[in-house]
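# Secondary and tertiary structure notes
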Amino acid sequence: FFFQAEDGIRDYKVTGVQTCALPIYLEGDVTATDGSYSMRGAQVYFDVATGRAAALQAVLRTYVRGGVPVISRAAEVRQVAKDQFEARDARVSISEFYTPHLSVGADRVTVTKGPASDPSTTVEAQHVTFRAGSAPIFYWPYLRGDAEGVILPQVLLGYNDYTGTQIGRAHV
């Protein structure tokens, strides 16, 4: 069903998507939500039969522990399987600002949710950059790990009078 809002602004609502056999393509300020996640995109394609989707200029918003918002912006987000998403030129922060104060970005990110028997979520990222505003402050070429754990290597910083400043990596 489609409807136009009383104030004249076009506001369409699509229902019954699970029973639709045709792919859906929407353009403009498209918003899709399931209650836990909300995604906006300039162009969104969803193939109901295969469960695959793609969104350009996408913004994904969700909440984590304690109601803290997590905002992910990406040039492109693809749902390649029921429980697997890929993003290109992505940046994640807890700030609503377009250029957040602190963020983590990556050229490519793959997020895979495990089966019901293993509810973990795996994150794999390439060319990861930590930023303060738009300035990069730290780079790591590749990360892979459980989303609930620490997927970054431990970096040790220290100083003493004999050796001076020390930077190292913990071997776990």
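The structure displayed is predicted, hence computed values, not measured ones.

Another aspect to go through is unusual backbone geometry. Even without being glycine, Gln57 reaches a positive phi, approximately 50 degrees. In this structure, Gln57 sits in strand β3 (residues 52-64). Given the relative accessible area of 53%, Gln57 is considered exposed. Despite not being glycine, His127 has its phi angle at roughly 55 degrees, a positive value. Inspection of the secondary structure assignment puts His127 in strand β7 (residues 121-132).

Okay, the environment of Gln57 next. Measuring from C-alpha to C-alpha, the distance between Gln57 and Ala74 comes to 5.9 Å, with 17 residues separating the pair along the chain. Excluding residues within four positions of it along the chain, Gln57 makes contact with Arg40, Gly41, Ala42, Ala74 and Ala75.

Turning to the pattern of salt bridges, a few remarks are in order. A side chain of one charge can pair with a side chain of the opposite charge if their charged atoms are brought near each other. All told, the structure shown has 5 salt bridges when counted by the stated rule. One salt bridge connects Arg40 with Asp29, and the closest N-O pair in it is separated by 3.8 Å. Placement of the pair is Arg40 in strand β2 (residues 38-47) and Asp29 in strand β1 (residues 24-33), with a sequence separation of 11 residues. What makes Arg40 partly exposed here is its relative accessible area of 37%. With a closest N to O distance of 2.7 Å, Glu76 and Arg78 form a salt bridge. The class of Arg78 is partly exposed, set by a relative accessible area of 39%.

The next point concerns the sheet that holds β1. Spatially, 8 strands are ordered β1-β2-β3-β4-β5-β6-β7-β8 in an open sheet, and the strand pairing comes out antiparallel. Two strands close off the open sheet at either side, each with one partner strand: β1 and β8 (135-146). Taking each pair of neighbouring strands and ignoring which way they run, the sheet shows an average axis angle of 25 degrees. Sheet topology note: the strand β4 (residues 68-81)/strand β5 (residues 84-93) ladder contains 9 bridges and is antiparallel. Paired with Ala74 across the bridge in β5 is Ala90.

Further remarks concern the side chain of Glu76. As for its placement among the helices and strands, Glu76 is situated in strand β4. A relative accessible area of 14% places Glu76 in the buried class. Apart from residues lying up to four places away in sequence, Glu76 is in contact with Ala55, Leu56, Glu86, Ala87 and Arg88.

Of the residues in the protein chain, 80% reach a pLDDT of 70 or more, and the chain-wide mean stands at 78. Per-element averaging of pLDDT across the protein chain places strand β9 (residues 155-160) at the bottom with 76 and β5 at the top with 90. Scored below 50 in pLDDT, residues 1-9 makes 13 contacts in the model with residues more than four places away or belonging to other chains.

Conventions adopted
- Residues numbered from 1 in each chain as written.
- Predicted model: local features only at pLDDT ≥ 70, side-chain atom pairs only at ≥ 80, totals over all residues.
- Heavy atoms only, no water.
- Helix = DSSP H or I, 4+ residues; strand = E, 2+ residues; numbered from the N terminus.
- Buried < 20%, exposed > 50% of the residue type's maximum accessible area, 1.4 Å probe, protein only.
- Contact = heavy atoms within 4.5 Å.
- Salt bridge = Lys/Arg side-chain N within 4 Å of Asp/Glu carboxyl O.
- Pairing = 2+ DSSP bridges.
- Axes fitted to C-alpha atoms, helices over the stretch in contact; angles between N-to-C directions.
- pLDDT = per-residue confidence, 0-100.

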